[in-house]
Amino acid sequence: LAGLLTTVPGYSDGAGGAIRFNFSAPVPLLVDAFGFVYVGDSGNHVLRRVELGAIPESVTLTGSGAPGDNSGPLTVTELDTPSGLAASCTGELYLVEAGVGGLGGHRLLSLAIGAEDNFFGGFAGSALVLAGDGSEQTTGGIDTAAQLARPQGLVATEDGLVYWVDAELGILRRYDLATGLSDCPLFADCAAAVTAGGSFSGDHFSLALGDSGSVYVLAADAGSLH
């Protein structure tokens, strides 16, 4: 659909084969109701959108091409290894960063993306940090008082909950959009989860939601589905 079959990474927007990506695991992918494909270009530390058609076209929504930890207007927001994408019912995007670049990451962000702003050469909108202060630790708390440790695999429920796995210790995390609380739902608290060493083994995780309300966790390195 976009890009070329090549082992040489790159970074360019454009159409069809002119598009270049730089993928490093994990790579988040999301398709919205309008058919746009959102791609966490993890090696380039940017969020990109591919519009499918006779000739697919790519644009960068936010990120500078290098790891960083700025937030605010999308034109100045920096990311460090986007590793999970989810969408809300109101059209906002949620994103987690694994922090592999070492200059940011370990955060959960909410992205409000508006129309392309031709005057400034970017997209209108903003990025708000919901949880995480950039430190690679698993702690519970309200909003940025909570800390994340290499978060991956994001899903959002209809009742305002967001789930991911802190890959450092394989701990399932949950953020409540109504209260701002980040916790570790499989344990009494996050301190107990850290002491137990988490629930899942490995470094790479993917999450999905079932119709019954179940959360499925794929622990890729362990070859197990929970």
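The structure this text deals with has already been given above.
For the structure given in this document, a descriptive report is provided here. (Residues numbered from 1 in each chain as written. Predicted model: local features only at pLDDT ≥ 70, side-chain atom pairs only at ≥ 80, totals over all residues. Heavy atoms only, no water.)

Comments concerning the side chain of Ser83
Logical step 1: Tracing the sequence through the fold places Ser83 in strand β7 (residues 82-87).
Logical step 2: Ser83 gets classed as buried once you look at its relative accessible area, which sits at 4%.
Logical step 3: Engagement of the side chain of Ser83 in a polar contact is seen with the backbone nitrogen of Ala98, the distance being 3.1 Å.
Logical step 4: Excluding residues within four positions of it along the chain, Ser83 makes contact with Pro26, Pro28, Val96, Glu97, Ala98, Pro151, Gln152 and Gly153. (Helix = DSSP H or I, 4+ residues; strand = E, 2+ residues; numbered from the N terminus. Buried < 20%, exposed > 50% of the residue type's maximum accessible area, 1.4 Å probe, protein only. Polar contact = N/O pair within 3.5 Å; in protein donor to acceptor, adjacent residues only side chain to side chain. Contact = heavy atoms within 4.5 Å.)

What to know about the environment of Gly40
Logical step 1: Secondary-structure assignment places Gly40 in strand β3 (residues 36-41).
Logical step 2: The class for Gly40 is buried, based on a relative accessible area of 0%.
Logical step 3: Placed 107 residues apart in sequence, Gly40 and Gln147 show a C-alpha to C-alpha distance of 21 Å.

Some points on the pairing of strand β8 (residues 93-97)
Logical step 1: Burial analysis of β8 places five of its five residues in the buried class, which makes it a mostly covered element.
Logical step 2: Going residue by residue along β8, you find Leu93, Leu95 and Glu97 tucked away on one face and Tyr94 and Val96 tucked away on the opposite face as well.
Logical step 3: Alignment of β7 against β8, held across five bridges, turns out to be antiparallel. Across the sheet, Leu85 pairs through a bridge with Leu95, a residue of β8.
Logical step 4: Two successive antiparallel strands, β7 and β8, enclose a turn made up of five residues, where Gly91 displays a positive phi of approximately 100°. (Pairing = 2+ DSSP bridges.)

Some thoughts on the nonpolar core
Logical step 1: Counting residues in hydrophobic clusters, the biggest one holds 15 residues, and the most contacted among them are Tyr38, Leu47, Leu85, Leu93, Leu95, Leu109 and Leu111.
Logical step 2: Listing elements by their share of this core, those giving two or more residues are β3, β8, β9 (107-117) and β10 (122-131).
Logical step 3: The dominant element in this core, judged by the number of residues it contributes, is β10, at three residues.
Logical step 4: With residues up to four places along the chain from it excluded, the contact list for Leu85 reads Pro28, Leu29, Leu30, Tyr38, Val39, Gly40, Leu47, Tyr94, Leu95 and Leu154. (Core = buried A, V, L, I, M, F, W, Y, C linked by side-chain atoms within 4.5 Å.)

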